[in-house]
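# Geometric and topological summary
Listed here are the chains, written in short residue letters.
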Amino acid sequence: MSSYARNLNSGLNLSSKLAVVAGGSQGIGRGIAIRLARAGSSVIVVGRNEAKLEEVVEHCRQNVPFGTTTAHFDYVAADLSAISGMKAASEAIEAKSKGRVDYLFQTQGGPPMGNYNLTSDGVESHFATQVLSRFALNDALASKGVLKSASVNVAAPGSKVSEYNLDDVESISSKNSNALSLMLEKAKNEGTVTDAATLAMQRKYPHIRFYHIFPGIVTTKAAANQGFPFPLPQLFALFGPVIERTVGNSAESYAEIPVLLAANESEQKVREIDSEQGGFLDNILKKVEVSEWGQKPENQDKAYEKLRSYLK
């Protein structure tokens, strides 16, 4: 699918656009930022590590098409696991973009781990970054009229639940379970609430195209960065090149897919996805069904308000 997307994106000209990439200092986010720069887009990358952000910005400058004079690149250094960091990031994005962001890409966080830790705000740390920070940036930029066109959330959508307890959105009831059970519970809870809140935002901000897409197997350092136990990070490092050539993607090749969805909306394939599949997609852009619970508008509104309550 990435090669198909690359062909559709081959003539993409984004010289009048500005994109924000959260989680842009490494991995998929870094790949998206550089791909946008190659299309002439201005880019603001958001992350925690200032040195890595500066390196990505420099790579973006090196990849601008010859003759492009309008593209500019900047970064926002923020801790997106902290509620204060989420708010500071959205304010900095608004200021640096001068109130106009065409595309928002969010890749911060990563797969859930089998441990349970709290942030300084008392929020489960993976939930804070993976779910809450993504919601916070979406809602802040959309509600202020800053976000204009599309938002792409790169994380696994869909779950099978028909009943869901919003009071357990941080998976606290499973915090003493074994590592595998906790990982699965986090994935279910986080996917369910994110899907429902995304559907609420689709209704609240109908002029913005919201996507929640599963990346599939992408060879990044996520396994090491997320603290996966030995030997998983070592296996990913060893077999990464083989995976890229067979069943997976590199971060750079995968970047074509979210860029296609957000920035190539005139393509027939994207129009078909928007009209038929609702923005919840797997790694080959096939529709993923939202949970039975999340399909109900009243539950979508409850999920939206639950996440907003953390930010007040």
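Everything quoted here is computed from the prediction, not taken from an experiment.

The rules behind each value
- Residues numbered from 1 in each chain as written.
- Predicted model: local features only at pLDDT ≥ 70, side-chain atom pairs only at ≥ 80, totals over all residues.
- Heavy atoms only, no water.
- Helix = DSSP H or I, 4+ residues; strand = E, 2+ residues; numbered from the N terminus.
- Buried < 20%, exposed > 50% of the residue type's maximum accessible area, 1.4 Å probe, protein only.
- Polar contact = N/O pair within 3.5 Å; in protein donor to acceptor, adjacent residues only side chain to side chain.
- Contact = heavy atoms within 4.5 Å.
- Salt bridge = Lys/Arg side-chain N within 4 Å of Asp/Glu carboxyl O.
- Core = buried A, V, L, I, M, F, W, Y, C linked by side-chain atoms within 4.5 Å.

## Brief notes about unusual backbone geometry
Residue serine 171 is not a glycine yet carries a positive backbone phi of 60 degrees. Mapped onto the elements of the fold, serine 171 is located in the loop between β5 (147-154) and α6 (179-204). The backbone of leucine 285 shows a phi angle near 65 degrees, a positive value even though the residue is not glycine. Summarising the element assignment, leucine 285 is placed in the loop between β9 (280-281) and α12 (297-310). Overall, leucine 285 belongs to the buried group, its relative accessible area being 0%.

## As for the side chain of serine 97
Of note, serine 97 is situated in the loop between α4 (83-96) and β4 (101-106). The class for serine 97 is buried, based on a relative accessible area of 7%. There is a polar contact of 2.8 Å between the side chain of serine 97 and the backbone oxygen of isoleucine 93. Discounting chain neighbours no more than four positions away, the residues touching serine 97 are Leu18, Ile44 and Val146.

## Points about the environment of serine 173
Within the fold, serine 173 resides in the loop between β5 and α6. Distance in space between the C-alpha atoms of serine 173 and glycine 24 is 32 Å, their sequence separation being 149 residues. Side-chain polar atoms of serine 173 contact the side chain of aspartate 168, separated by 2.6 Å.

## Thoughts on the pattern of salt bridges
Applying the stated criterion across every chain yields a total of 14 salt bridges. Between arginine 30 and glutamate 252 there is a salt bridge, with the nearest N and O atoms lying 3.8 Å from each other. With a gap of 222 residues between them, arginine 30 in helix α2 (residues 27-38) and glutamate 252 in helix α9 (residues 251-254) connect regions that are remote in the sequence. Among the charged side chains, a network of salt bridges with common partners joins Arg30, Glu55 and Glu252.

## Looking at the nonpolar core
One finds Val20, Val46, Ile93, Phe127, Leu132, Val193 and Leu307 to be the most contacted residues of the largest nonpolar core, which totals 44 residues. Of all the elements in the fold, those that place two or more residues in this core are β1 (18-22), β2 (42-47), α4, β4, α5 (125-143), α6 and α12. With nine residues, α5 is the largest single contributor of residues to this core. Filtering out sequence-adjacent residues up to four positions away, leucine 132 remains in contact with Ile83, Met86, Phe127, Leu307, Tyr310 and Leu311. Formed by 43 residues, the second largest nonpolar core is a distinct cluster that contains Phe73, Val152, Ala255 and Ile257.

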